Amino acid sequence: MAQPPKTASGPGRVLVAVYAIFALAATSRAGVQIATKFHEAPVAYLLSALAAVIYVLATVGLARSGETAWRVALASCTVELLGVLTVGTLSIFDSAAFPQATVWSVYGQGYLFIPLVLPVIGLLWLRRTAPRTQNPIDRPVG
Amino acid sequence: MITGFAITIVACSLLTAVWSFVLSARNREPSKALLGGLAAVELLLVVQLIIGVVLLIGGERPGSIATYLAYLIGCLLVLPVGTVWALAERSRSSTAVLGITCVAIPVMVLRLNEVWSGATA
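The rules we used
- Residues numbered from 1 in each chain as written.
- Chains lettered and ligands numbered in written order.
- Predicted model: local features only at pLDDT ≥ 70, side-chain atom pairs only at ≥ 80, totals over all residues.
- Helix = DSSP H or I, 4+ residues; strand = E, 2+ residues; numbered from the N terminus.
- Buried ≥ 20, exposed ≤ 12 C-beta atoms within 10 Å, placed from the backbone.
- Contact = placed C-beta atoms within 7 Å.
- Rg over C-alpha atoms; globule rule 2.2 N^0.38 Å.
- pLDDT = per-residue confidence, 0-100.
- Core = buried A, V, L, I, M, F, W, Y, C linked by C-beta atoms within 7 Å.
- Expected span 1.5 Å × (residues − 1).
- Nonpolar A, V, L, I, M, F, W, Y, C, P; charged D, E, K, R; others polar.
- Axes fitted to C-alpha atoms, helices over the stretch in contact; angles between N-to-C directions.
- Parallel < 35°, antiparallel > 145°, perpendicular 65-115°, else oblique.
- Left-handed = near helix turned anticlockwise from the far one by under 90°.

Draft legend 1. Local environment of the overall build of chain A. Each helix and strand counted, chain A has 4 helices and 0 strands in total. Here chain A, with 142 residues, has 38% of them falling under the buried criterion. A separation of at least 24 residues holds for 65% of the contacts in chain A among residues at least 6 apart in sequence.

Draft legend 2. View of the overall build of chain B. Counting its regular elements, chain B contains 4 helices and 0 strands. Counting from the amino terminus, helix and strand elements in chain B follow one another as α-α-α-α. Scaling as 2.2 N^0.38, a compact globule of 121 residues should have a C-alpha radius of gyration of about 14 Å, and chain B matches this with 15 Å. Residues counted as buried form 36% of the 121 residues belonging to chain B. A separation of at least 24 residues holds for 82% of the contacts in chain B among residues at least 6 apart in sequence.

Draft legend 3. A look at the confidence of the model for chain A. Put simply, chain A has an average pLDDT of 86, and 87% of its residues get 70 or more. Within chain A, helix H1 (residues 11–37) of chain A has the poorest average pLDDT of any element, 90, and helix H4 (residues 114–128) of chain A the best, 95.

Draft legend 4. Highlighting the nonpolar core. Ranked by size, the top nonpolar core spans 62 residues in total, and within it Ala17, Val18, Tyr19 and Tyr55 of chain A together with Ile105 of chain B carry the most contacts. At the level of secondary structure, the elements contributing two or more residues to this core comprise H1, helix H2 (42–63), helix H3 (67–93) and H4 of chain A together with helix H1 (3–25), helix H2 (32–57), helix H3 (65–87) and helix H4 (92–116) of chain B. The biggest single contributor to this core is H1 of chain A, with 13 residues. Among all residues touching Ile105 of chain B, those that are not within four sequence positions of it are Ile9, Ser13, Val41, Cys75 and Val78 of chain B.

Draft legend 5. Focus on H2 of chain B. Residues and elements named next belong to chain B. End to end, H2 covers 38 Å across 26 residues, agreeing with the expected 38 Å (1.5 Å per residue, within 8%). Looking at H2, one finds that the buried residues are Leu34, Gly37, Leu38, Val41, Leu45, Gln48 and Gly52. On its buried face, H2 is in contact with H1, H3 and H4. Taken from the residues just after H2, Gly59 is the one with a positive phi, measuring 105°.

Draft legend 6. Main features of the interface of chain B and chain A. Contact with chain B, which involves 16 residues of that partner, is made by 12 residues of chain A. At 7 residues, the largest contribution of residues to the side of chain B that touches chain A is made by H4 of chain B. Here the side of chain B that touches chain A is built from residues that sort into 7 nonpolar, 8 polar and 1 charged.

Draft legend 7. Representation of the packing of H1 of chain A against H4 of chain B in the model. For the pair H1 of chain A and H4 of chain B, the least separation of the axes is 8 Å and the interaxial angle reads 15°. Between H1 of chain A and H4 of chain B, the angle is such that the two are roughly parallel. Note that H1 of chain A runs across H4 of chain B; the crossing there is right-handed. In this structure, H1 of chain A uses Pro11, Arg13, Val14, Ala17, Val18 and Ile21 of chain A to contact H4 of chain B, whose residues at the interface are Ser93, Ser94, Ala96, Val97, Ile100, Thr101 and Ala104 of chain B.

Draft legend 8. Just the environment of Ile121 of chain A, in detail. All names here are of chain A. Relative to the assigned elements, Ile121 resides in helix H4. According to the C-beta neighbour criterion, Ile121 is partly exposed, with 16 such atoms within 10 Å. Through-space distance from the C-alpha of Ile121 to that of Gln33 is 29 Å; in sequence the pair is 88 residues apart.

Here's what the structure looks like:
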């Protein structure tokens, strides 16, 4: 039998709490930026909004149990890691493209580099809680 | 904003955070005393909301009223939501979750004060 992954149990609860705080912070920040000064830096603010959506998806994916939720969490943590690496690198070498700070600028420096560490911990945790494949060899004998 | 009061909130929530992490490291579930500590921080945040609104009525203006009110009211939600999430499955992790929520409060209070002294977002 495939065990449904429980990503929100034990240490996973701490991870969900950190993700939830980032989801709240990123969503409200992006909301204010887009509502009040979108024309100043559309690319940066759209990236802020994208980051916010990813944090929300990761929070929900990790907080819920089941294989679908696990896949949502895996996808969002992966995109999050790629995003922070890409935006982090671009913001250093092409600072003109990112005149305004986003969560991922300089690998999340403005947020104590937590945006860089968080997806790595998330992916490691998802590996530990991965759903078992329905392989007969995995079943206990007898 | 009254700077001294903001510093009091930051200090109290950081103390409660350290207390949570120490209890979690010692493999403890959240104690009644710790939850009392969180309640005290929440009470300070309610007082902060009252002070903030009184200052607004008195005619003082932050960098952005909407952002300012969002922080004033938003930071009231963090500890209750975090506590519900923490207590839904009691373990040493619950105690760490409480610590994490306590760390979020100083960040929000600092931002609140930046907005009060003129920042717009």
